[in-house]
Amino acid sequence: MVLSAKHRDELNCAVAEYLKSSGYVEAFNHFVNEANVEPDKLNDKKFNGLLEKKWTSVLRLQKKVMDMEAKMSETVKEYEGGPTKKERNSDTWIPRPPERYCLTGHRMPITRVLFHPIYNVLVSASEDGSIKIWDYESGDFERTLKGHTDSVNDIAFDSSGKILASCSSDLSIRLWDFQGYDCIKTLHGHEHTVSSVSFIPSGDFIVTASRDKSIKMWEVATGYCTKTLTGHREWVRIAVISPDGQLIASGSNDHTIRVWVIATKECKVELRDHDHVVECVAWAGTHVTPHVNEAIQAEMPKAAKTEGPFIVSGSRDKTIKVFDVSTGSCIISLIGHDNWVRQVMFHPSGKFIVSCADDKTLRVWDYKNRRCTKTIHAHEHFVTCLDFHKSAPYVITGSVDQLAKVWECR
């Protein structure tokens, strides 16, 4: 490597300063004479400790290069080891790093991300009080929905994708026309933060959960509250409706999951297997049932098959659990996250469970064998939410780092 005259003089001065400061007097004198170092330049303070600084900088840079090479090697293996287009099967799609798009625009942590059921857009909600719409195929920002005056905590689409529901710490629930992007109704009735919202499959009603310890059902057409369910002793974090529209599963700060019969408002079962706040609950569709039975029989070969229904939950106790609602028993427990589990759901094929947590990871679980098959270090801060597209090979995650990321599956 050829140095310019200026760089050569600076290097010589730095070496001479190092020899002098280290007490190598004889070597210093020989070097100054042989390199023709000008005495005046040796008094320049900018050379003090310069050689050591350069050396440590080189070591840090070398470490970064090695880390990048390791990540590159892992990415190449992922790419080469993945199935070809002909071999790809949606049953085995799982997200692979690196992310396809990183969506920026929110000014505070992202609380929920959600794919539209029909269009190629996703929606993100944030503590900044806004809802943003993005094209997940191009990564382009499309528009912002404003109306809430505090953190937007959850969002949900009806099955047609024509109505978006949102709930907020401003104590309100809003219904948005997703074709004209106008707020068509604002619902009031909860006495504290509204933390969860979801649609009954028919789309005629929504169900909300709140820090006021209640769960409410609202008629979409009129905006009237038609039912209130009480029983949890603390903040109700989540309330989700079963695929048949008959049951509600709720998770709470009281460490329990309750399953309610909508028609009678009765609590069908209370599940107490978690040791901390239950952050998230999701129902298993009927297509998941055979896979859950396989998982049960892998552990207990003589166990009888069960029709469920089943739910999966995540908690601040760092575990993921699968429950058989018909028996009220925990049938699978998955351990591996190093911090609060923030969202969990079944893979569209039913073969896997996908989760995200405050350990900054997105994980895919082979629950039949009770093991984590894929761990992605998804964000630089807590990963608060995720969604898996029902038919396209995409996953989205949202984080306290204010970013939403789109991950391609293969």
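See above for the structure.
Computed from a prediction, not measured in an experiment: that's the story for all the values here. (Residues numbered from 1 in each chain as written. Predicted model: local features only at pLDDT ≥ 70, side-chain atom pairs only at ≥ 80, totals over all residues. Heavy atoms only, no water.)

A. Looking closely at the side chain of histidine 116. Its location among the elements puts histidine 116 in the loop between strand 2 (110-115) and strand 3 (121-126). Every residue in contact with histidine 116, bar those within four places of it in the chain, is listed here: Val121, Leu122, Phe157, Ser160, Gly161, Phe178 and His389. (Helix = DSSP H or I, 4+ residues; strand = E, 2+ residues; numbered from the N terminus. Contact = heavy atoms within 4.5 Å.)

B. Expanded view of the sheet that holds strand 12 (residues 214-219). With antiparallel pairing, 4 strands are arranged side by side in an open sheet as 10-11-12-13. Each of the sheet's edge strands pairs with one partner strand only, and the pair in question is strand 10 (194-199) and strand 13 (225-230). Direction aside, neighbouring strands of the sheet carry axes that sit 20° apart on average. The pairing of strand 11 (residues 205-210) with strand 12 spans 5 bridges and is antiparallel. From the neighbouring strand, threonine 208 faces strand 12, where its bridge partner is lysine 216. (Pairing = 2+ DSSP bridges. Axes fitted to C-alpha atoms, helices over the stretch in contact; angles between N-to-C directions.)

C. Seen up close, helix 1 (residues 5-21). Under the 1.5 Å per step criterion, the end-to-end length of helix 1 is 24 Å for 17 residues, consistent within 8% with the ideal 24 Å. When we look at burial in helix 1, the residues that qualify are Asn12, Cys13, Ala14, Ala16, Glu17 and Leu19. Of the residues flanking the end of helix 1, it is glycine 23, one or two places downstream, whose phi is positive at about 85°. (Expected span 1.5 Å × (residues − 1). Buried < 20%, exposed > 50% of the residue type's maximum accessible area, 1.4 Å probe, protein only.)

D. Expanded view of the pattern of salt bridges. What the rule picks out here adds up to 13 salt bridges. A salt bridge links arginine 342 to aspartate 358, with the nearest nitrogen and oxygen atoms 2.8 Å apart. Pair noted here: arginine 342 is in strand 22 (residues 341-346) and aspartate 358 is in the loop between strand 23 (353-357) and strand 24 (361-366), with a separation of 16 residues, a long-range link. With its nearest N and O atoms 3.7 Å apart, the salt bridge here joins arginine 371 to aspartate 366. (Salt bridge = Lys/Arg side-chain N within 4 Å of Asp/Glu carboxyl O.)

E. Region of the structure containing the sheet that holds strand 3. Read across the open sheet, the 4 strands follow the order 2-3-4-5; overall the sheet is antiparallel. With one partner strand each, in any of the chains shown, strand 2 and strand 5 (141-146) form the two edges of the open sheet. Averaged over all adjacent pairs, the angle separating strand axes in this sheet is 20°, with direction ignored. For strand 2 and strand 3, the ladder comprises 5 bridges, and the chain directions are antiparallel. When the bridges of strand 3 are listed, leucine 114 appears paired with valine 123.

F. Broad picture of the packing of aromatic side chains. Tallied over the entire structure, the rule returns 6 aromatic pairs. Measuring from centroid to centroid gives 4.9 Å for phenylalanine 157 and phenylalanine 178, while their planes differ by 85°, and the two rings are edge-to-face. Here phenylalanine 178 lies in the loop between strand 8 (172-177) and strand 9 (182-188) and phenylalanine 157 lies in strand 6 (residues 152-157), a separation of 21 residues in the sequence. Across this residue pair, the class does not change: phenylalanine 157 and phenylalanine 178 are buried. A ring pair is formed by phenylalanine 178 and tyrosine 181, whose centres lie 5.4 Å apart and whose planes are at 70°; its orientation type is edge-to-face. According to the relative accessible area criterion, phenylalanine 178 is buried, its value standing at 2%. Residue tyrosine 181 is classed as partly exposed on the basis of its relative accessible area of 23%. Between arginine 237 and the ring centre of tryptophan 235, over which it is positioned, the NZ or CZ distance is 3.7 Å. Over the ring of tryptophan 340 we find arginine 316; its NZ or CZ atom is 3.9 Å from the centre of that ring. (Phe/Tyr/Trp six-rings, centres within 6.5 Å; stacked < 30°, edge-to-face > 60°. Lys NZ or Arg CZ within 6 Å of the ring centre and 35° of its normal.)

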